[in-house]
Each structure stands twice: as structure tokens, then as C-alpha cells.
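Reading the structure
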Amino acid sequence: NDDRAAISAIQQLLRDAGYDIKPDGIYGEETYDVVRAFQMLNKLPPTGRVDLVTFEGLAKSAKGKLGYQCSFVIPETLAGGVISPGEVSSIVVII
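None of these values were measured; they are calculated from a predicted model.

**Focus: helix α2 (residues 29-41)**
The end-to-end C-alpha separation of α2 is 18 Å, in line with the 18 Å expected for 13 residues at 1.5 Å each. Residues of α2 that are buried include every one of T31, V34, V35, F38 and Q39, and no others. Buried positions in α2, seen along its axis, are confined to an arc of 140° and lie on one side of it. Exposed positions of α2 whose direction lies more than 90 degrees from the buried face are E29 and L41. Downstream of α2 by one or two residues, K43 has phi in the positive range, about 55°.

Right under this line is the structure:
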């Protein structure tokens, strides 16, 4: 399923940025908490939601450590390009 793949990609970026998270494709409480931790560490508003600024920060963090090239597409159907617990998206990450 594309939605689970997109969430797994975000979880993998979190993992590659040094967080202890298993990419399972479910945006549950664990992912929410890890996203908040990332946001607080990076002086972003700790919403637990993956918005464009958070995603860009994750991509840069992973790229800085592992040399990834990342790109993404956030569909217009997501209000403000935000992923929250329980929501799905079609973000595409190329690593």
C-alpha cells in the first residue's frame, strides 16, 4: 500500500537520523513521539505532525549522516502538507 510505504519512508528517515524506531508504516503514538523529539531537538514547533519544514529537516539530517538524496511530493489533498497520526499521504521519497 502506498500510504504505508510513505509513512515507512518517514520512519526510515527518523531511524537514519539516529532515532530508535521500526519502520512499520503505521503513524501511531511511537512515530508521533519520535517526530516530536526530532522537532524539539531541531527547534521546530513540537506538534508531532510531519509538515514540510519537519520533512525537510529529516531529509537533511539523514543526508548529512548517510549521503542520501531525497525528494518528495506532497499532494494537494493534504491540508497544508501535514501528516498526523492516523492520516495517510502519498509522499514519495527517493533514497
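**Some words on the confidence of the model for the protein**
When pLDDT is averaged along the protein, the result is 74; 63% of the residues meet or exceed 70. Per-element averaging of pLDDT across the protein places helix α3 (residues 52-66) at the bottom with 77 and α2 at the top with 95. A low-confidence stretch, residues 88-95 (pLDDT under 50), is modelled with 30 contacts involving residues beyond four sequence positions or located in other chains.

**Observations regarding unusual backbone geometry**
Of note in the backbone geometry, K43 takes a positive phi value of approximately 55° without being a glycine. The topology assignment puts K43 in the loop between α2 and α3.

Quick notes on the rules
- Residues numbered from 1 in each chain as written.
- Predicted model: local features only at pLDDT ≥ 70, side-chain atom pairs only at ≥ 80, totals over all residues.
- Heavy atoms only, no water.
- Helix = DSSP H or I, 4+ residues; strand = E, 2+ residues; numbered from the N terminus.
- Expected span 1.5 Å × (residues − 1).
- Buried < 20%, exposed > 50% of the residue type's maximum accessible area, 1.4 Å probe, protein only.
- Arc of directions from axis to C-beta.
- pLDDT = per-residue confidence, 0-100.
- Contact = heavy atoms within 4.5 Å.

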